[in-house]
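# Structural features, examined
The primary structure of each chain is shown beneath.
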Amino acid sequence: MSWIDALRFDGGRVLITGAAGGIGRCLARGFAELDAQLLLIDRPGSDWAPVHAALVTTGGRAPQIIECDLEDQAARQRLIDAQFAEPAPLSALVNNAAFVGTSGLRGWAVPLGQQSVDTFRRALEVNLTAVFHLCQGLAPALARAPEGGAIVNIGSIYGALGPDWSLYEGTTMSNPAAYGASKGGVIQLTRWLATTLAPAVRVNAVSPGGILRGQPESFVRRYERRTPLGRMGTEDDIVGAVLHLASGWARYTTGQHLLVDGGWSAW
Ligand SMILES: NC(=O)c1ccc[n+]([C@@H]2O[C@H](COP(=O)([O-])OP(=O)(O)OC[C@H]3O[C@@H](n4cnc5c(N)ncnc54)[C@H](O)[C@@H]3O)[C@@H](O)[C@H]2O)c1
C-alpha cells in the first residue's frame, strides 16, 4: 500500500467528541479531507454552523451529528448502544470533549480554596470517566476495523506538568486542579487501554499546549517567552498529530503520549 493510501480513511467511520469546539471542528475538517465518514458528538444545543462551514471546503461526505451530554452516563450508553447496532466498524475514536479552563462552571477556574468538590467530580465525569466509558463501549466496533481501530485521547500539557503560576499573575485566568488531574488520568488510561486492547486497537494520546484564544496580552507574552517555538498554539497545530496517530501511518505505535506544545515541555 502507498503511504498516501495508508493515511486515508476511505469512508471509514471516525467518531469525534467535542466536535463543535475549537479543536474538534479542525479535527473534523482534517479527517474529512482524508475521506472519513464523520460521527460528530457534542452537547445538546451546540452551534454546528461553524462545523458545517469548516467542512464545506473539504467537499467530503455529510457528517452524522449526534447530540449527547457526555456527563450523563445513560446518554453515553445510548450512544454506545446505537453504535453497537451499527454493522459497519469504527475506524477511529477521538476523545476530545472536555471541560476546559474557560468553561463557565462554579468553583472551577478559581483559587484552590474556592474550587468545589462537586465541580471536581463533574470534570472527572466528562474529562475522564466518559473517555473510559466510550473506549470500553466502542472497543468491539473498533476491533472490527479491517486494519485495526485507533483511539486518540486528547490530554493536555497540564496532565503531564504542573501549572507555572507566574504566567497567570495580574490576570483573572486560572488553572483548575480537576483539569490537570483528569488529563493526567486520560494519559495513564491511554497506556492501560493500549496494552489491554492490543493488537486489535491502538490507543495513543495527544496533549496540546496552550492555544491562542484571546488570553490577556501579559499572559500571551509570558507564555511565548517560555515556549521554544516562540508562540502559542493554534487549533490547526494539533490536527496533524491526531491524524497521524489515527491512521495507518502509526500502525506500529500504541500506548504513546505525544505533546504538541511548541517545545514547552522540552526544558
Ligand atoms: N484550548 C487549549 O488551550 C487546550 C490545551 C490543552 C488541551 N486542550 C484539550 O483539547 C480538547 C478540545 O478543547 P478546545 O480547546 O477545543 O475546547 P472547546 O471548549 O472549544 O471544545 C470542547 C468541546 O467539548 C464539548 N463538551 C464539553 N462538555 C461536554 C459534555 N458534557 N458533553 C458533550 N460535549 C461536551 C464542548 O461543548 C466543546 O464543544 C479538550 O480535551 C481540551 O482539554 C485544549
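From a predicted model like this one, the values you see are computed outputs, not experimental measurements.

For the rest of this paragraph, the subject is the overall build of the protein chain. The helix and strand inventory of the protein chain stands at eight helices and seven strands. In terms of overall dimensions, the protein chain is globule-like: its C-alpha atoms have a radius of gyration of 18 Å, near the 18 Å expected for 267 residues. Principal-axis analysis of the C-alpha atoms gives the protein chain an extent of 55 × 40 × 40 Å. The buried share of the protein chain, taken over its 267 residues, is 51%. Within the protein chain, residue pairs in contact and separated by at least 24 positions form 75% of the contacts whose partners lie at least 6 positions apart. Accessible area for the protein chain stands at about 12500 Å²; split by element, carbon and sulfur atoms hold 55% of it. Taking the average location of the 22 positive side-chain charges in the protein chain and that of its 23 negative ones, the two points are 3 Å from each other.

For the rest of this paragraph, the subject is the pattern of salt bridges. Taken as a whole and judged by the stated rule, the model has 10 salt bridges. Linking arginine 61 and aspartate 35 is a salt bridge whose minimum nitrogen-to-oxygen distance equals 3.0 Å. Of the two residues, arginine 61 sits in the loop between helix 3 (49-56) and strand 3 (64-67) while aspartate 35 sits in the loop between helix 2 (22-33) and strand 2 (37-42), which places them 26 residues apart along the sequence. Note on arginine 61: relative accessible area 40%, which makes it partly exposed. Two residues, arginine 231 and aspartate 237, come together in a salt bridge whose shortest N-O distance is 2.7 Å. Arginine 231 sits in the partly exposed class, given a relative accessible area of 42%. In this structure, a network of salt bridges that share partners links the residues Arg29, Glu33 and Asp236.

Let us look at the pairing of strand 6 (residues 201-208). In terms of residue burial, strand 6 counts as a mostly covered element, since eight of its eight residues are buried. On strand 6, burial covers both faces: Val201, Val203, Ala205 and Ser207 on one face and Arg202, Asn204, Val206 and Pro208 on the other are all buried. Here strand 5 (residues 149-154) pairs with strand 6 via six bridges, running parallel. Its bridge partner lying in strand 6, isoleucine 154 is registered against valine 206. This β-α-β element, strand 5 to helix 6 (residues 177-197) to strand 6, shows right-handed connectivity. Here strand 6 runs beside strand 7 (residues 257-260); their pairing, made up of four bridges, is parallel.

Moving on, we get to the side chain of serine 91. One can find serine 91 in strand 4 (residues 90-95). Take serine 91: its relative accessible area is 17%, and that puts it in the buried class. With sequence-adjacent residues up to four places away left out, serine 91 is seen in contact with Phe9, Gly12, Arg13, Leu142, Ala145, Gly148, Gly149 and Ala150.

Our next topic: helix 4 (residues 73-84). Taking 1.5 Å per residue, 12 residues should reach 16 Å; helix 4 reaches 16 Å between its end C-alpha atoms and fits that length. Buried residues of helix 4: Ala75, Arg76, Leu79, Ile80 and Gln83, and no others. Buried residues along helix 4 cover an arc of 140° about the axis, so they all sit on one side. Turned more than 90 degrees away from the buried face of helix 4 sit Gln73, Arg78 and Phe84, all of them exposed. Those residues of helix 4 that are buried are in contact with strand 1 (13-17), strand 2, strand 3 and helix 5 (117-143). The N-cap residue of helix 4 is aspartate 72: its side-chain oxygen and the backbone nitrogen of alanine 74 are 3.0 Å apart.

Rules behind the numbers
Residues numbered from 1 in each chain as written. Predicted model: local features only at pLDDT ≥ 70, side-chain atom pairs only at ≥ 80, totals over all residues. Heavy atoms only, no water. Helix = DSSP H or I, 4+ residues; strand = E, 2+ residues; numbered from the N terminus. Rg over C-alpha atoms; globule rule 2.2 N^0.38 Å. Buried < 20%, exposed > 50% of the residue type's maximum accessible area, 1.4 Å probe, protein only. Contact = heavy atoms within 4.5 Å. Areas by Shrake-Rupley, 256 points an atom, 1.4 Å probe, with all protein chains shown as cover. Lys, Arg positive; Asp, Glu negative; His and termini not counted. Charge placed at Lys NZ, Arg CZ, Asp CG, Glu CD. Salt bridge = Lys/Arg side-chain N within 4 Å of Asp/Glu carboxyl O. Pairing = 2+ DSSP bridges. Right-handed = clockwise from strand over helix to strand, strands pointing away. Expected span 1.5 Å × (residues − 1). Arc of directions from axis to C-beta. Polar contact = N/O pair within 3.5 Å; in protein donor to acceptor, adjacent residues only side chain to side chain.

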